[in-house]
Amino acid sequence: LMIGYCLFPLAVFAATPVVTQVQALKFSNYTRLIFTVDDPEKYHVFTLTGPDRVVVDFNEAHLKADLKAIDFSGSPIQKVRTGHPQDNIYRIVFDAAVPVHIKKFITPDNNGHTIQLVVDVFPKESQEKIVTEAKPKIPEEKKVLPPVVKTVPKVVPPEVHKVVQAQKQKLQPTIQAPPANKPHTVVVVIDPGHGGKDPGTVSSHSEKEKDVVLNIALRLMDKINKEPNMRAVLTRNGDYFVSLRDRLKLARKDKADLFISIHADSYSREQFSGVSVYALSKHGATSEAARWLARRENFSELGGIEFGDLVDKSYILRSVLIDLAQTATITDSLYLGRHVVKELGKVAKLHKSWVEQAPFVVLKSPDIPSILVETGFLTNPTEEERLSDPAYRDKLAQALVNGIHHYLILHPIVGV
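Residues numbered from 1 in each chain as written. Predicted model: local features only at pLDDT ≥ 70, side-chain atom pairs only at ≥ 80, totals over all residues. Heavy atoms only, no water.

*Asks:* I'd like to hear about the overall build of the chain, residue by residue, with values.
*Replies:* In terms of regular secondary structure, the chain is built from 8 helices and 17 strands. Contacts in the chain between residues at least 24 apart in sequence constitute 74% of all its contacts with a sequence separation of at least 6. By element, 54% of the accessible surface of the chain is carried by carbon and sulfur atoms, the whole surface being about 21,000 Å². (Helix = DSSP H or I, 4+ residues; strand = E, 2+ residues; numbered from the N terminus. Contact = heavy atoms within 4.5 Å. Areas by Shrake-Rupley, 256 points an atom, 1.4 Å probe, with all protein chains shown as cover.)

Following this line, the structure appears as structure tokens:
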């Protein structure tokens, strides 16, 4: 018992976050503070006035970094000090000479075991603007080429600005008119949900979602393959199981230009009905960006960006480029989804008349416009009957083709 009491404090201490390093990088119009820590959850960053200061609180943390070695000359920060406002909080305070505002984000460290909390400190008079996360809006379309997305998702250090500008051109393939002498075959990857050991929703009359969506997918494939300069690929063409991540890998392997996942909905109350269309949410994009940032050997190219040309330490540049690709892709997915919703509304009741957004795994390819279509509620007796009708399934497939076709007219995809 006495041995247990002796070891208990050591166990608690070992579980606390450890701040192993604090760095300050100075740029022309802001200062970047980088905290290397082994727990990404237990921190809080904010600013205070009177006097002006940036405060970083770590919950139950242990500091190993040497704060005295940090050089703040040429920055708005005058000095750094520490304190314990509460017993379980370790506070680092950066006193500023002028009013400041901040932007913060998390990125994996190079060793893959810790994370880095990055805090960018801007003088208030700086023209830099912090981009706040908002629900993406679908711009009104015109009978002309759509505008270039101008959202700047992260502050770009000056040393990577030129590279980002050069790579931006590679992220705009859908806004250029295709050359007349080189028609591009648009590859549409169709993903029938579930399969094999995973039946999906099962109706009261034993109609399985995996069978319904596969039949619709096969009809959609047949119709797409009859369109000029279009080709369809299925993630599964029979009753077998394919994991969600493997579906994404198949889409990338087949060089997909568009990705359409087909499902049938369910709900505990029978009165729920209608077709829904989903695109990826920003929350899903953010989590996927972290996943891509952590992968340093398993991919070489994303959205026209050659990651093989980047050294492993350039995590900031990687995060900026991935975010640029995702922003453009989510916008294209919303465009595609809106055309599909409009066409589906001509043949089926809509559950929602707009494109919804959710962090579905199968929509997370950062550079492939992707939508998920819920073709109806198998738990609704009326829709179960409709979804069992071959003629109705054919109408749904044709509506999907029409939506894709209208999207491609305004957003032609250029071959390379």
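Now that the structure has been shown, we can carry on.
*Asks:* How would you summarise the sheet that holds strand 6 (residues 77-83) if you had to cite specific residues and measurements?
*Replies:* Pairing in this open sheet of 4 strands is antiparallel, and the strands run 3-4-7-6 from one edge to the other. Single-partner strands in this sheet number two, and they are strand 3 (43-48) and strand 6. Strand-to-strand twist of the sheet, defined as the mean angle between neighbouring strand axes without regard to direction, takes the value 15°. By the bridge criterion, 6 bridges tie strand 6 to strand 7 (residues 89-96) in an arrangement that is antiparallel. Within strand 7, the residue paired with Thr82 across the bridge is Ile92. (Pairing = 2+ DSSP bridges. Axes fitted to C-alpha atoms, helices over the stretch in contact; angles between N-to-C directions.)

*Asks:* Lay out the nonpolar core in plain terms, naming residues and giving numbers.
*Replies:* Ranked by internal contacts, the top residues of the largest apolar core, which has 42 residues, are Val188, Ile190, Ile224, Ile262, Leu344, Val373 and Ile404. Top contributing element to this core by residue count: helix 8 (residues 390-410), with 9 residues. With 27 residues, the next largest nonpolar core counts Leu33, Phe35, Val37 and Val119 among its residues. (Core = buried A, V, L, I, M, F, W, Y, C linked by side-chain atoms within 4.5 Å. Buried < 20%, exposed > 50% of the residue type's maximum accessible area, 1.4 Å probe, protein only.)

*Asks:* Mind laying out the environment of Asp95, listing which residues take part and the relevant values?
*Replies:* Locating Asp95 in the fold gives a position in strand 7. Of the residues examined, Asp95 reaches a relative accessible area of 7% and is grouped as buried. Once the C-alpha coordinates of Asp95 and Lys79 are considered, the two residues, 16 residues apart in sequence, prove to be 5.5 Å apart. Not counting chain neighbours up to four residues away, the residues in contact with Asp95 comprise Asp52, Arg53, Pro76, Ile77, Gln78, Lys79 and Arg81. In this structure the side chain of Asp95 is engaged in a polar contact, spanning 2.8 Å, whose partner is the side chain of Arg81. (Polar contact = N/O pair within 3.5 Å; in protein donor to acceptor, adjacent residues only side chain to side chain.)

*Asks:* An account of the pattern of salt bridges is requested, with residue identities and associated values reported.
*Replies:* Within this structure, the stated rule accounts for 14 salt bridges. Note that Asp246 and Lys249 form a salt bridge whose closest N and O atoms lie 4.0 Å from each other. Of this pair, Asp246 and Lys249 both sit in helix 4 (residues 244-253), 3 residues apart, roughly one helical turn. Judged by relative accessible area, Asp246 falls into the partly exposed class, the value being 34%. Classification of Lys249 as exposed rests on a relative accessible area of 57%. Several salt bridges share partner residues, and in doing so they unite Arg219, Lys223 and Asp394 into one network. (Salt bridge = Lys/Arg side-chain N within 4 Å of Asp/Glu carboxyl O.)

*Asks:* Let's hear about the sheet that holds strand 13 (residues 276-280): which residues, and what values?
*Replies:* The strand order across the open sheet built from 6 strands is 11-10-12-17-13-16, with neighbouring strands paired in mixed fashion. Every interior strand has two partners, whereas the edge strands, strand 11 (230-234) and strand 16 (356-358), have only one. Averaged over all neighbouring strand pairs, the angle between strand axes comes to 30°, with direction disregarded. Relative to strand 16, strand 13 runs parallel, the two sharing 3 bridges.

*Asks:* So, the environment of Val93: which residues are in play, and what are the values?
*Replies:* Here Val93 lies in strand 7. Along the chain, Val93 and Arg53 lie 40 residues apart, while their C-alpha atoms are 6.6 Å from each other. Beyond its immediate sequence surroundings of up to four residues, Val93 is in contact with Arg53, Val54, Val55, Lys79, Val80 and Arg81.

*Asks:* Outline the packing of helix 3 (residues 209-225) against helix 8, supporting the account with residue identities and numerical values.
*Replies:* Two numbers describe a pair of packed helices, the interaxial angle and the distance between the axes. Their axes nearest at 9 Å, the elements helix 3 and helix 8 cross at an angle of 50°. The orientation of helix 3 with respect to helix 8, classified from their angle, is oblique. Both helix 3 and helix 8 take part in a crossing whose hand is right-handed. Contacts from Val212, Asn215, Ile216, Arg219, Leu220, Lys223 and Ile224 of helix 3 reach helix 8 at Pro390, Arg393, Asp394, Leu396, Ala397, Gln398, Leu400, Val401 and Ile404. (Parallel < 35°, antiparallel > 145°, perpendicular 65-115°, else oblique. Left-handed = near helix turned anticlockwise from the far one by under 90°.)

*Asks:* Summarise the confidence of the model for the chain; cite the residues concerned and give the values.
*Replies:* Mean pLDDT over the chain stands at 76; residues scoring 70 or higher make up 69%. Note that residues 1-14 has pLDDT below 50 and, in this model, 1 contact with residues that lie over four places away or in other chains. A low-confidence stretch, residues 141-156 stays under pLDDT 50, and its non-local contacts, those more than four residues away or across chains, total 41 contacts. (pLDDT = per-residue confidence, 0-100.)

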